[in-house]
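Structural overview for review
These are the residues of each chain, in order.
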Amino acid sequence: QDANVTLEYLRTAPQILAVLPSDHLQPWLDVGVELTQIDVVVGLEYIRQIPAVAPVLDLSEIRKWVAFGMKLIQPNTIGKPDYLGTLEFLRTSPAILGDIEQPAVRPKVVSLGAALADQSPAAAVAWLAESPSLLRALPSVEWQVKVVQYGGLLAEKAAESSLLYLRRAPEVVGMIG
């Protein structure tokens, strides 16, 4: 497995080093090594996505981002883990998160998505996909943070209700003024 990690790192090193200084690289790779111990395919995909995710999330948020993705693992028709949702998450979420204008809101979007994924992976994926446009529709960063925080409280009890709230929040906030 370590040979696979090394090979993947060598393949992606030019892209990784374009976004991370070499002295910051080891902690990012440590996450990849840990992931390969859980699942080689997921760990290698994470390493491939470091150049995309490093500009949009701080290293301190990466484990939460990975945990969100791992919650998307579902059993397939024969009962084995299906990692397709996780792989798709690793590939697409950096661009989605990058579309969120306020970097300080991105970790909150990830935390809310992870909370939703505990009950409904589909609701979590829908939230992630819709979050940039829903957040842009809010008048300020303060409102974005409040809406996401309240969404998180709802997500602990009812994922689908939380998603409905998040979808209607821009309209409600607009009426409040």
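Structure's up top.
Within this structure, the stated rule accounts for one cavity of 30 Å³ or more. Among the elements of the structure, α7 (121–136) and α9 (159–176) are those that each provide at least two residues to the lining of the largest cavity. When the residues that make up the lining of the largest cavity are grouped by side-chain class, the tally is eight nonpolar, no polar and no charged.

On to the nonpolar core. If you look at the biggest cluster of nonpolar residues, it comprises 53 residues, and the most contacted ones within it are Y46, I62, W65, F68, L97 and W127. The element that contributes the greatest number of residues to this core is α7, accounting for seven residues. If near-sequence neighbours (up to four positions away) are discounted, F68 is found in contact with F89, V110, G113, A114, A117, A124 and L128.

Next up on the list: the side chain of S93. In this structure, S93 sits in helix α5 (residues 84–98). S93 has contacts with W65, E88 and L128, leaving out every residue within four places of it along the chain.

Inspection of the entire model under this criterion finds three aromatic pairs. Ring geometry for Y46 versus W65: centroids 6.4 Å apart, planes at 50°, classification tilted. Linking Y46 in helix α3 (residues 40–53) with W65 in helix α4 (residues 59–70), this pair joins segments that are 19 residues apart in sequence. An identical accessibility class is assigned to Y46 and W65; each is buried. Seen from their ring centres, W65 and F89 are 5.6 Å apart, and the 35° between their planes marks the pair as tilted. Here F89 lies in helix α5 and W65 lies in helix α4, a separation of 24 residues in the sequence. For W65, a relative accessible area of 0% gives the class buried. Its guanidinium or amino end placed over the ring of W143, K146 lies 5.1 Å from that ring's centre, counting from NZ or CZ.

What counts and what doesn't
Residues numbered from 1 in each chain as written. Predicted model: local features only at pLDDT ≥ 70, side-chain atom pairs only at ≥ 80, totals over all residues. Heavy atoms only, no water. 1 Å grid on protein atoms, 1.4 Å probe; cavity = no way out; pocket = protein on both sides within 12 Å on 5 of 7 lines; lining within 4 Å. Points joined across faces, edges and corners; volume = space filled by probe spheres on them. Helix = DSSP H or I, 4+ residues; strand = E, 2+ residues; numbered from the N terminus. Nonpolar A, V, L, I, M, F, W, Y, C, P; charged D, E, K, R; others polar. Core = buried A, V, L, I, M, F, W, Y, C linked by side-chain atoms within 4.5 Å. Buried < 20%, exposed > 50% of the residue type's maximum accessible area, 1.4 Å probe, protein only. Contact = heavy atoms within 4.5 Å. Phe/Tyr/Trp six-rings, centres within 6.5 Å; stacked < 30°, edge-to-face > 60°. Lys NZ or Arg CZ within 6 Å of the ring centre and 35° of its normal.

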